[in-house]
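Below are the chains, spelled out letter by letter.
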Amino acid sequence: MANTEMRVKELAEKYGRNREALMPILQELIDERRYVNDEAMVNVARELDLSAAEVYGTASFYSFIETEEVGKFVIRLCKTIVCDMKGKEDVLQAIENTLKIKVGQTTADKKFTLKTTNCLGWCHKGPTMLINDEVYTELTPGKAIEIIESYMNK
Amino acid sequence: MANMINLTINNIPVSVEEGSTILEAARKLSIRIPTLCNHDDLCVAGNCRVCVVEQIGNRTLQAACATPVRENMQILTNSMMVMQARKTIIELLLSEHNADCTKCYKNGNCELQDLSNEYRTGNQIYIDLVPSKHYTIDQSSPSLIKDDSKCIRCQRCVRTCSELQAVSALSAAYKGAGMKISSFYDRPMHEVVCTNCGQCINRCPTGALTERNYIDEVWNAIYDPTKHVVVQTAPAVRVALGEELGYDPGARVTGKLVTALRRLGFDSVLDTDFTADLTIMEEGTELLTRLKKVLVDKDTSAALPMFTSCSPGWIKFIEHTFPELLPHLSTCKSPQQMFGALAKTYYAQKKGINPKDIVSVSIMPCTAKKFEATRPEMRDSGFQDVDYVLTTRELAIMIKQAGIEFMKLDDEDYDRFMGESSGAGVIFGATGGVMEAALRTAYEIVTGREVPFGNLNITPVRGMEGIKEAEVKIENVKPEWSFLEGVTLKVAIAHGLANAKRLMTAIRDGKVQYHFVEIMACPGGCLGGGGQPIPTNLEIRKKRAEAIYAEDENLPIRKSHENPEVLQIYQEFLGEPLSHTSHELLHTHYVPRKRY
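What you are looking at is a predicted structure, and each value in this text was computed from that prediction instead of being measured. (Residues numbered from 1 in each chain as written. Chains lettered and ligands numbered in written order. Predicted model: local features only at pLDDT ≥ 70, side-chain atom pairs only at ≥ 80, totals over all residues. Heavy atoms only, no water.)

Participant: Give me the overall build of chain A: which residues, what numbers.
Facilitator: Across its full length, chain A holds 7 helices and 4 strands. The order of α-helices and β-strands along chain A, N terminus first, is α-α-α-α-β-α-α-β-β-β-α. In terms of overall dimensions, chain A has a C-alpha envelope of 50 × 30 × 25 Å along the principal axes. Taken across its 154 residues, chain A has 46% of its residues classed as buried. Contacts in chain A between residues far apart in sequence, at least 24 positions, make up 60% of those at least 6 positions apart. For chain A, the exposed area adds up to about 7,900 Å²; of that, 49% sits on carbon and sulfur atoms. Between the averaged position of the 21 positive side-chain charges in chain A and that of its 25 negative side-chain charges there is a distance of 3 Å. (Helix = DSSP H or I, 4+ residues; strand = E, 2+ residues; numbered from the N terminus. Buried < 20%, exposed > 50% of the residue type's maximum accessible area, 1.4 Å probe, protein only. Contact = heavy atoms within 4.5 Å. Areas by Shrake-Rupley, 256 points an atom, 1.4 Å probe, with all protein chains shown as cover. Lys, Arg positive; Asp, Glu negative; His and termini not counted. Charge placed at Lys NZ, Arg CZ, Asp CG, Glu CD.)

Participant: Can you break down the sheet that holds strand 11 (residues 228-233) of chain B residue by residue, with the values?
Facilitator: Residues and elements named next belong to chain B. Taken in spatial order, the 4 strands of this open sheet run 12-11-14-15, and their pairing is parallel. Pairing within the sheet leaves two strands with one partner each, and these edge strands are strand 12 (268-271) and strand 15 (388-391). Direction aside, the axes of adjacent strands within the sheet are offset by 25° on average. Bridge count between strand 11 and strand 12: 4 bridges; the pairing is parallel. (Pairing = 2+ DSSP bridges. Axes fitted to C-alpha atoms, helices over the stretch in contact; angles between N-to-C directions.)

Participant: Account for helix 13 (residues 392-401) of chain B, naming residues and giving values.
Facilitator: Burial of helix 13 of chain B is extensive: 7 of the 10 residues sit out of reach of the surface. With its phi angle positive at about 70°, B:G403 sits one or two positions after the end of helix 13 of chain B.

Participant: How would you sum up the pairing of strand 17 (residues 488-495) of chain B? Please name residues and give values.
Facilitator: Residue and element names in this part refer to chain B. With respect to burial, strand 17 is a largely interior element, 6 of its 8 residues being buried. Bridge count for strand 16 (residues 467-473) against strand 17 is 7 bridges, and the pairing is antiparallel. The partner of E471 across the bridge, within strand 17, is K490. Bridge count between strand 17 and strand 18 (residues 516-520): 5 bridges; the pairing is parallel. When the bridges of strand 18 are listed, V491 appears paired with F516. Handedness of the crossover joining strand 17 and strand 18 through helix 16 (residues 497-508): right-handed. (Right-handed = clockwise from strand over helix to strand, strands pointing away.)

Participant: Can you lay out the interface of chain B and chain A for me, pointing to particular residues and giving the numbers?
Facilitator: The partner chain A presents 21 residues to the 18 residues of chain B that form the contact. Buried area between chain B and chain A, both sides added, is near 1,600 Å², and the carbon and sulfur share of it is 56%. The largest share of the area that chain B buries against chain A comes from B:F184, B:Y185 and B:Y596, three residues that together contribute 47% of it. In this structure, the salt-bridge partner of B:R187 is A:D38, at a minimum N-O distance of 3.0 Å. For the interface between chain B and chain A, the tally reads 13 residue pairs in polar contact (both at pLDDT 80 or more). Classifying every residue of the side of chain B that touches chain A gives 9 nonpolar, 4 polar and 5 charged. (Buried area = accessible area lost by both parts, 1.4 Å probe. Salt bridge = Lys/Arg side-chain N within 4 Å of Asp/Glu carboxyl O. Polar contact = N/O pair within 3.5 Å; in protein donor to acceptor, adjacent residues only side chain to side chain. Nonpolar A, V, L, I, M, F, W, Y, C, P; charged D, E, K, R; others polar.)

Participant: Describe unusual backbone geometry, listing the residues and the values that go with them.
Facilitator: A cis amide bond links A:G126 to the next residue, A:P127, at an omega of -10°. A cis amide bond links B:R416 to the next residue, B:F417, at an omega of -5°. In this model, B:N10 sits at a positive phi of 50°, which is unusual for a non-glycine residue.

Participant: I'd like a rundown of the packing of aromatic side chains, residues and numbers included.
Facilitator: According to the stated counting rule, one finds 17 aromatic pairs over all chains in the structure shown. Between B:Y346 and B:F417, the ring centres sit 5.7 Å apart and the planes meet at 50°, which makes this aromatic pair tilted. In this pair, B:Y346 sits in helix 11 (residues 335-351) while B:F417 sits in the loop between helix 13 and helix 14 (423-426), placing the two residues 71 residues apart along the sequence. Each of the two residues, B:Y346 as well as B:F417, counts as buried. For the cation-ring pair, B:K175 lies above A:F61, with the distance from its terminal atom to the ring centre recorded as 5.3 Å. When the ring centre of B:F417 is taken as reference, the NZ or CZ atom of B:K350 above it lies at 4.1 Å. (Phe/Tyr/Trp six-rings, centres within 6.5 Å; stacked < 30°, edge-to-face > 60°. Lys NZ or Arg CZ within 6 Å of the ring centre and 35° of its normal.)

Participant: Outline helix 11 of chain B, supporting the account with residue identities and numerical values.
Facilitator: Each turn of an α-helix holds 3.6 residues, which means side chains three or four residues apart point in the same direction. All names here are of chain B. When the terminal C-alpha atoms of helix 11 are compared, their 21 Å separation across 17 residues is substantially less than the 24 Å that a helix rising 1.5 Å per residue should span. Of all the bends in helix 11, the greatest measures close to 45° and is centred on A343. With 14 of its 17 residues buried, helix 11 lies for the most part within the structure. With its phi angle positive at about 65°, G352 sits one or two positions after the end of helix 11. (Expected span 1.5 Å × (residues − 1). Bend = angle between axes of the 7 residues up to and from the residue.)

Participant: Talk me through the packing of helix 3 (residues 38-48) of chain A against helix 4 (residues 52-61) of chain A; I want residue IDs and the actual numbers.
Facilitator: Residue and element names in this part refer to chain A. Close contact between helix 3 and helix 4 brings their axes to 8 Å; oriented N to C, the two are set at 120°. Between helix 3 and helix 4, the angle falls in the class oblique. As for how helix 3 packs across helix 4, the hand of that crossing is right-handed. Residues M41, V44 and A45 of helix 3 form the contact with helix 4, whose participating residues are A52, V55, Y56 and A59. Residues that form the contact of helix 3 with helix 4 fall into these classes: 7 nonpolar, no polar and no charged. (Parallel < 35°, antiparallel > 145°, perpendicular 65-115°, else oblique. Left-handed = near helix turned anticlockwise from the far one by under 90°.)

Participant: How would you explain the pairing of strand 1 (residues 73-78) of chain A if you had to name every residue and give the values?
Facilitator: Residue and element names in this part refer to chain A. Along strand 1, 6 of the 6 residues are buried, which leaves the element largely enclosed by surrounding structure. Both faces of strand 1 are covered, namely the face carrying F73, I75 and L77 and the face carrying V74, R76 and C78. Note: strand 1 against strand 2 (residues 112-117), 6 bridges, orientation parallel. Bridging from a neighbouring strand, I75 pairs with L114 of strand 2. As paired elements, strand 1 and strand 3 (residues 129-131) share 3 bridges and run antiparallel to each other.

Participant: Give me the environment of A:K110: which residues, what numbers.
Facilitator: All names here are of chain A. Position of K110 relative to the elements: it lies in the loop between helix 6 (88-99) and strand 2. You can call K110 partly exposed: its relative accessible area is 43%. A sequence separation of 48 residues divides K110 from Y62, and the C-alpha atoms of the two residues are 22 Å apart. Excluding anything up to four places from it in sequence, K110 contacts E69, G71 and K72.

Participant: Give a detailed account of the sheet that holds strand 7 (residues 144-147) of chain B, specifying residues and quantitative values.
Facilitator: Residue and element names in this part refer to chain B. Strand order across the open sheet formed by 3 strands is 6-7-10, with antiparallel pairing between neighbours. The sheet is open, and its two edges are formed by strand 6 (137-138) and strand 10 (209-211), each paired on a single side. The pairing of strand 7 with strand 10 spans 3 bridges and is classified as antiparallel. In the sheet register, I145 faces strand 10, and the bridge partner there is T210.

Participant: Which residues make up the environment of B:T488, and what are the values?
Facilitator: Residues and elements named next belong to chain B. Tracing the sequence through the fold places T488 in strand 17. T488 sits in the partly exposed class, given a relative accessible area of 28%. Taking the C-alpha atoms as reference, T488 lies 28 Å from C526; in sequence the two are 38 residues apart. Here T488 is in contact with E471, V472, K473 and H515, once residues within four sequence places are set aside.

Participant: Account for the environment of B:K400, naming residues and giving values.
Facilitator: All names here are of chain B. Mapped onto the elements, K400 comes out in helix 13. Taking C-alpha positions, K400 is 37 Å from A500, a pair spaced 100 residues apart along the chain. Setting aside chain neighbours within four positions, we find K400 in contact with E244 and L245.

This is the structure in structure tokens:
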């Protein structure tokens, strides 16, 4: 897609072509398209004179830089110990049953991707999940389903 | 003079230059601190932690490879705390490592194995995590195998591929327990920008990166009575093989190498140096032809500078990275491939053997040669020109398997023909060698006199500097070369692909002008090749280079164009350099590849 090539060139103009421009460029791409595919990474590598493997290595390091296609809404349910003790497993099952997908999968309509994440820092209000950048706390299975349903028509 | 820092290690005083590490200070006292991620050729990583030492007064242990010395430091390398921590660190590394040592190709030559042996890590208290790890083995490349189950994530390969080779086909991907050494999207190694140079193999402390070996295939060919098995040996093998078989670095074992190959059962033991000499005839003539086209005919299609084409790692690198510069490459095949093409044509005819019954084996310091032999362009004899490529290390394994006591062997000489070589052919194994050999011949063709350097030793093109330059003024030429009268021939040499990339960028951007450029993919040239004995470092490579030049000085013939077998093959078979037959068998073309 020539589109990607042009966009990456613009971003390289904005942030420069040194190695330290890699993160801000990747972050802008993520903001715009939710994930960076091989085409995007190859273009970034070419602009910054890096190898594609180096860009992939950096991108794959960060949980919030997706390198595989994800849905419009990415649900990240906290899997760490406090949320776990407060009933995360029931919440997870409720979400899985509602969306008919397992952790790591995306719905057929490409609307939702379900993931687990490490601690979000909301232990006192667990279980917690993120949907894109929005935090939802003190979840119960019912509350989680309601929240997800509210996203279905967005 | 640099500031000196005084400290004690195990209560022994030592003073070292400011900026040295604890590891370096300990070496000065001949105290060995174990290391895994550290490597003399690479930047500090400090990630494996086995080099931890105690600093008195400090609560935590320090990584000796990554901690600079400070005045009055008191270091203990073997205290109770250190020994316990180090053993734990090794045990933790092993808990994620597929320690199937007896089935491992690196069995007996593995730094992790040595260390676990030293620390007697028999009673593992940690759970074996290997079964839960879903490690993969990548056997897609004809040159190398990447087995993640053996990887300890020290990143020597990543640093090698980036710092020495500027390729970065491998990178650290993911994080924490999931961190792994990965190509782009974990694609198979034969699909990515890997040049097959094998420098990562030379530095891998375990069996995670190894050459793809063809030992059994070669044994099968030798055992097959219907096959005539010819073997060729590259110049750099004879100055390094000894290291695998009891000698110190720098030993010249040419005669014993020939004897051993005969005892292994090869039908004919021949020399790649012969085709190195032939390469000089072809490449030298090609250079002079290009010079004439540019200087006399003003032909813009002839690209200058001309680049050497002997190093298959370099070829794949330029195909990926600078496809626009491909016309600059000499069309000459590498000596290995010239040899292969001739073995199944000229040699077969002369010996009266059907080429389909010939198995052509080469012993190379190189893993990229394995890939080169499989290139579709390399079948000009009507067959795959070179059937199997073994590294110096694989040959050493075969010699051991055959129960040959290498050090006790007598010296023997190569078979004839295609076994004669000049000193010029031998120095192909060192960086600058092809350039020196080419100049010895080209200068003499043009002027009728020997190159104006003492004893034919063109010292400006020798040595371990990353990029070297030299100039040779051409004067009093023969009448047919009058267009070169007074021309100063400018040449450059780079070894290691990071240096090659720097030089190519400068050439592409028009910042430098040369007539002829030699590139070798590996540091030091072929003598530091990815198929050479492990370990490697600058000191070892310098010793091998000294051996190469000593070999050259000791040969009666030192110029390619004086090799009688070379003259004979032109008379009997090829005609003249760049003849029709030469073009068919000895020259090739290149394929632009994607860098991304």
